[in-house]
Amino acid sequence: DFSIHYEWRPFTSSFLKKFGIYGSLGASFTKAYGEYAFHGRNGSIFPGRSTTQFRFIVIPANIGLIYRFSLFDFLWPYFGGGPSVIGFDETRNDKQPGNHGYDIGYWAMGGVAFGIDWLSPKSSWDQYESTGVKHSYFTLDYSYLESVAGGLVEFTVDGVRLGFTFEL
């Protein structure tokens, strides 16, 4: 899995500036052998696993709102959510046509960002002067993505993510 996130805070009032417009674009790749929906019991001529290998690519695009607040000037809890478009492409190794398309869904997340500038104030200042990065954070969050029922493929994905955030 890989994803890129971007947040823009266009508001200036002390309350509203904690709200941001959030967007992300990701990609996930997997491959696996098919499983028969129905297979017999002992002595069946049909195995449980197919010889067909499937490759599946998922590209979720999310947009929405995010809210961040500060605790103790080094801990920033946040939460966000909004709509999602989930593109997908399936290929097969048996020369049969695969499926592709998109589904509509929604996403939500909550987490905390730990400020890490204090680890090396001089390096943080050097980073700002050379790249424009004002602050750096180590982030830990829980995310949830689900498609609305009725599409060609139904998605329900959740998990814990670790990463870094850089404030420009």
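Refer to the structure presented above.
Thresholds, definitions, all that
Residues numbered from 1 in each chain as written. Predicted model: local features only at pLDDT ≥ 70, side-chain atom pairs only at ≥ 80, totals over all residues. Heavy atoms only, no water. Helix = DSSP H or I, 4+ residues; strand = E, 2+ residues; numbered from the N terminus. Phe/Tyr/Trp six-rings, centres within 6.5 Å; stacked < 30°, edge-to-face > 60°. Buried < 20%, exposed > 50% of the residue type's maximum accessible area, 1.4 Å probe, protein only. Salt bridge = Lys/Arg side-chain N within 4 Å of Asp/Glu carboxyl O.

What follows covers the environment of F88. Structurally, F88 can be placed in strand β4 (residues 75-92). As for F88 and K18, which are separated by 70 residues in sequence, their C-alpha atoms are 34 Å apart.

This part covers the packing of aromatic side chains. Scanning the model with the defined rule gives twelve aromatic pairs in all. Ring centres 6.0 Å apart and planes at 35° place the aromatic pair Y67 and F69 in the tilted group. By relative accessible area, which is 15% here, Y67 ends up buried. What links up through ring pairs into an aromatic cluster is the set F19, Y67, F69 and F79.

With that settled, consider the pattern of salt bridges. Per the counting criterion, the structure on display carries four salt bridges. A salt bridge links E7 to R68; its shortest N-O distance comes to 2.8 Å. Linking E7 in strand β1 (residues 2-8) with R68 in strand β3 (residues 49-68), this pair joins segments that are 61 residues apart in sequence. Given the relative accessible area of 21%, E7 is considered partly exposed. Among the salt bridges present, the one from D141 reaches R161, with a minimum N-O distance of 3.0 Å. Of this pair, D141 sits in strand β6 (residues 135-147) while R161 sits in strand β7 (residues 156-167), placing them 20 residues apart in sequence. Judged by relative accessible area, D141 falls into the buried class, the value being 10%. The exposure class of R161 is partly exposed, given its relative accessible area of 26%. Several salt bridges converge on common partners, so that one network encompasses E7, R9 and R68.

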